Amino acid sequence: MSTQTVSGHAMADTMTMLRRNIIHAKRYPSMVFGILIMPTVLLLVFNFVFGGALEKSSGGEYIDYLAPGMLLLLPAYMTVSVAVSIATDKSKGIVNRFRVMAISQSSMLTGHVIGTLIQAFGGMAVMTGVALLIGFRPNANPLEWVAALGLLMLVTFAFAWLAIALGLLSPNPESASNAPFPIVMMPFLGSGLVATDTMPIGLRQFAEYQPFTPITETLRGLLMGTEIGVNGWVSLGWCVVIAGGGYLWSKSIFRKQAD
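Here's a quick rundown of the structure. (Residues numbered from 1 in each chain as written. Predicted model: local features only at pLDDT ≥ 70, side-chain atom pairs only at ≥ 80, totals over all residues. Heavy atoms only, no water.)

With respect to the overall build of the chain
Helix and strand counts for the chain come out as 12 helices and zero strands. Along its sequence from the N terminus, the chain presents helices and strands in the succession α-α-α-α-α-α-α-α-α-α-α-α. In the chain, which comprises 259 residues, the share counted as buried stands at 48%. For the chain, long-range pairs separated by at least 24 residues make up 81% of all intrachain contacts whose partners lie at least 6 apart in sequence. (Helix = DSSP H or I, 4+ residues; strand = E, 2+ residues; numbered from the N terminus. Buried < 20%, exposed > 50% of the residue type's maximum accessible area, 1.4 Å probe, protein only. Contact = heavy atoms within 4.5 Å.)

Here it is in structure tokens:
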């Protein structure tokens, strides 16, 4: 069989798995709603409840400082959905069924990643619309908007692969829902809500060297025109490392569990 034919079958299998994931998402709207809408709810809470107190640290309108960082909650929150979906399939024996079928073995995992990207895009569109309604005023040109969207999708792609590995490792869906908790918390422990120089020294050091801070600063620079500096390259580096590590880890676990 030619390489082109194999690639064609793998793509067809991936699209089949993608349709399956979308159908499952429609059957469990409460989980999808919670994962995609909760970050937008938190945007409103932080802006209207804490915005007055935190505005001084932002150096301007707090919503302009807040919105770029809160957009990164979506990739973080999506890790829970991905990990639970993978663990659910595994606990029900569906993963083992797929292993003995004449399909591309990686299509199930790739289908989850593409489905995650589609759902995350929808959540980002909703959050951006809400942010604009409550006063968010980015000054980005069309190219900068495309770059910002590309960065958000790259972050989602990277953490989706990491979430797949966590889901494969989890013995049940309940454990899988807790496994990504450190990832979910990381956007709050970076520069998304307040500047890192306002934090105690230990927390500040953690915030400055964890992946969400340079990604937040890059996104804020693209949308609001603040200085990006080396944060852009650091962000891309983090995404490559997380995506590559998550992919290789997932494939390794998937193969070991098949033996």
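Notes on the side chain of Thr213
With respect to the helices, strands and loops of the structure, Thr213 is situated in helix H11 (residues 212-224). A polar side-chain atom of Thr213 sits 3.4 Å from the main-chain amide nitrogen of Ser191. For Thr213, the side chain forms a polar contact with the main-chain oxygen of Ala207, separated by 2.4 Å. When residues no more than four places from it in sequence are discounted, the contact partners of Thr213 are Gly190, Ser191, Thr196, Ala207 and Glu208. (Polar contact = N/O pair within 3.5 Å; in protein donor to acceptor, adjacent residues only side chain to side chain.)

Comments concerning the packing of helix H3 (residues 62-71) against helix H6 (residues 107-133)
Where H3 contacts H6, the two axes come as close as 11 Å, and the packing angle between them is 175 degrees. As judged from the angle between their axes, H3 and H6 are roughly antiparallel. Residues Ile63, Ala67, Met70 and Leu71 of H3 form the contact with H6, whose own contacting residues are Met124, Met127, Thr128 and Ala131. (Axes fitted to C-alpha atoms, helices over the stretch in contact; angles between N-to-C directions. Parallel < 35°, antiparallel > 145°, perpendicular 65-115°, else oblique.)

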